[in-house]
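A structural walkthrough
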Amino acid sequence: MDEHNKRSGDRRDAMITLHVPRSVLTALWALGSLIALALVAVAFVAGLALRPVMPTAAPVVVTTIILEATATSAPIVAAINVSTSPTVVASPTALPTDIPTTQPTIDLIRPTAAFPTAMLPTAASTATPDTVDFRIDSPPGAEGQPPAANAPVQAAIAQPQPQAAPPGGAPAARPADAGGSGGSARPVATARPAQHALRGSVRWSAASSPILIQNDLLVSSGASLIIEPGVEVQIGRGVSLVIDGSMVALATPDQPVRFTQIGGGDDPRLRWESIIGRAGSVIDLRNVTITGGGAGGSVLTVQAGRLSLQSARIINNGGHLRIDDSFVIIRDSEISGNRMPYGSAIDITLSRGGGDSPGSDIVIVNNRILNNALVAGTAPLRITNLSFERPARIEIEQNLLVGAAGPNLALFTNAQLMGNVRCNTLIGGANGLSLRSDAPPNLSPMLNIRDNAIEAHEPPNNPFYRQFNIGKGATSDLPLTMTNNWWELPSGPYEPAANPEGRGEAVGPNITFLPWLPERPACAPRF
């Protein structure tokens, strides 16, 4: 009985026992392990997602304090002695601080051959040298103190006496400023505090020539400096002539006024700095030669003032002419042989647009601007109106503008630009006339652009243009009318749609050029 029960139990155990192969068990173990690892990874990721957000450190605020430069520099009183020996500006004694900081209202310069009457010297200022009072105001705080031996408070010039040269050498040249726009640096012009100041009415005569300026010289606000024909002004290395009042040199072709280095040369190592006209200043120069200057990149700078430059020669300098927010007349002058590290040869900017009075804000007539070493992409003449509201009026006529690796005449405007661009020769370089703007494309300048000779520009890197030697005559961001101009060939300018048979200088798509001149205009100067 027991034996029977045992066999029945064995058969029952055999029926309920699951026989699984070892390979299947191994696979099940591996799968379980993978599932366990996956669960651990999911739990880790979930833990990261549910972790409380740690507060970030508060940013550290760094307060930056910007110290604004003063609008004007404090002048130092100088003594000027007129004698048969070279005139030397003496050393300073003290620093006055009474220079006004307000900028006077500037009247409009009209496009006439003569400068406005108000800007010319009066009868009192044009008296003979024997009656001129070369008074130099005493510096504030110096009352009751004896003047220095070489700096008299007042010198009525009747019997000229020789004067010793001041001790010390010329100051080091100021480094060139930085900054710029439009592909070429255009720094903000600044001036060191002048070491000497002229007050009242001062005349430099041919009898006292040469005038030696060995330290920065300031013509104070309200003062006038009159330079007679035949005077040579010799300026030391790195030295500037700063004008807050007025400077007038009405010379003649046979007796010009010369601004040059001490010694009369144009050595690049000895260049003087600049003639700087500041807010409210008046500079009227006729029949002058300016050479050997521009150590800081600008040889003549005018800011919020008035400039008349007529029959001038600006040659062999290390800088350009920069005019900002000023009324300008430049006529019958030559600007050549200058090495300009930035900006155009004549670089004019109106940040607030033109003036309110009738007439032109900028008059550039019958000048020769050529053979200057310019930065690639810059123009011999550039005029910029940055205002989006106020128009500017220009007269650009009968100029010879010779380019190198940029346009000949570069115009930039954001507001209306009106006036005349007539009888100019735009030759050489990459482009003739370039008009650019950030204004809406429907702005159309009211310019009378005609009778210009547009010639000999480099063809762009295109096989068709190079095959027919077609350069860029004009480009414009805005709709521009340029009818009745000479485009180098009688067939007219090349334009793929309007004049595909033309082989003259090419025009951009925004330019209306029909009709064109079949021959070169006689009024355009020849190169």
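First, a word on what this report is: a plain description of the structure on this page. Remember, it's a predicted structure, so these values are computed and weren't measured experimentally.

Comments concerning the sheet that holds strand β15 (residues 306-310)
Taken in spatial order, the 10 strands of this open sheet run β3-β6-β9-β12-β15-β18-β21-β24-β27-β30, and their pairing is parallel. Where the open sheet ends on each side, the last strands, each with one partner, are β3 (201-204) and β30 (446-450). If you compare each strand with its neighbour and ignore which way they point, the axes differ by 10 degrees on average.

A few points about the pairing of strand β24 (residues 392-397)
The buried fraction of β24 amounts to 6 of the 6 residues, a majority that puts the element mostly inside the structure. Sheet topology note: the strand β21 (residues 362-365)/β24 ladder contains 4 bridges and is parallel. Within β24, the position partnered with valine 365 by the bridge is glutamate 397. Note: β24 against strand β27 (residues 417-422), 6 bridges, orientation parallel. In the sheet register, isoleucine 394 faces β27, and the bridge partner there is glycine 419.

Regarding the sheet that holds strand β26 (residues 407-413)
Neighbouring strands of a sheet are bound in pairs by backbone hydrogen bonds; such pairs are parallel or else antiparallel. In spatial order, the strands read β2-β5-β8-β11-β14-β17-β20-β23-β26-β29-β32-β34; together these 12 strands make up an open sheet with parallel pairing. Each end of this open sheet is capped by a strand with a single partner; those strands are β2 (196-198) and β34 (506-507). With 3 bridges joining them, strand β11 (residues 275-277) and strand β14 (residues 298-303) adopt parallel strand pairing. In the sheet register, glycine 277 faces β14, and the bridge partner there is valine 302.

Notes on unusual backbone geometry
A cis amide bond links serine 209 to the next residue, proline 210, at an omega of 0 degrees. Its location among the elements puts proline 210 in the loop between β3 and β4 (211-213). Residues leucine 514 and proline 515 are joined by a peptide bond in cis, for which omega reads -5 degrees. Assignment of secondary structure puts proline 515 in the segment after β35 (511-512). A positive phi is found at alanine 304, a non-glycine position, where the angle reads about 55 degrees.

Brief notes about the environment of phenylalanine 527
For phenylalanine 527, the location among the structural elements is in the segment after β35. Classification of phenylalanine 527 by relative accessible area gives exposed; the value is 58%. Spatially, the C-alpha atom of phenylalanine 527 lies 8.0 Å from that of threonine 425, the residues being 102 residues apart in sequence. For phenylalanine 527, the residues in contact, after removing those within four places along its chain, are Leu370, Leu400, Val402 and Ile427.

Looking at the state of the cysteines
Using the criterion set out here, one finds 1 disulfide in the structure. Two residues, cysteine 423 and cysteine 523, share a disulfide whose sulfurs are 2.0 Å apart. With the S-S bond torsion at -85 degrees, the cross-link from cysteine 423 to cysteine 523 turns out left-handed. Linking cysteine 423 in the loop between β27 and β28 (425-427) with cysteine 523 in the segment after β35, this pair joins segments that are 100 residues apart in sequence. A relative accessible area of 4% means that cysteine 423 is categorised as buried.

Considerations on the packing of aromatic side chains
In this description, an aromatic ring pair is defined by two values, namely the gap between the centres and the angle between the planes. On inspection of all chains with the given rule, the structure shows 5 aromatic pairs. The interplanar angle of 55 degrees and the centroid separation of 5.1 Å between the aromatic rings of phenylalanine 464 and phenylalanine 468 together place this pair among those described as tilted. Residue classification places phenylalanine 464 among the partly exposed residues on the basis of a relative accessible area of 27%. Accessibility expressed as a relative area gives 33% for phenylalanine 468, which makes it partly exposed. Taking 5.7 Å as the distance between ring centres and 90 degrees as the angle between the ring planes, the aromatic pair formed by tyrosine 465 and tyrosine 494 counts as edge-to-face. A residue pair is termed long-range when its members are at least 10 positions apart, and tyrosine 465 in helix α3 (residues 463-467) and tyrosine 494 in the loop between β33 (480-481) and β34 qualify at 29 residues.

What counts and what doesn't
Residues numbered from 1 in each chain as written. Predicted model: local features only at pLDDT ≥ 70, side-chain atom pairs only at ≥ 80, totals over all residues. Heavy atoms only, no water. Pairing = 2+ DSSP bridges. Helix = DSSP H or I, 4+ residues; strand = E, 2+ residues; numbered from the N terminus. Axes fitted to C-alpha atoms, helices over the stretch in contact; angles between N-to-C directions. Buried < 20%, exposed > 50% of the residue type's maximum accessible area, 1.4 Å probe, protein only. Contact = heavy atoms within 4.5 Å. Disulfide = S-S within 2.5 Å. Phe/Tyr/Trp six-rings, centres within 6.5 Å; stacked < 30°, edge-to-face > 60°.

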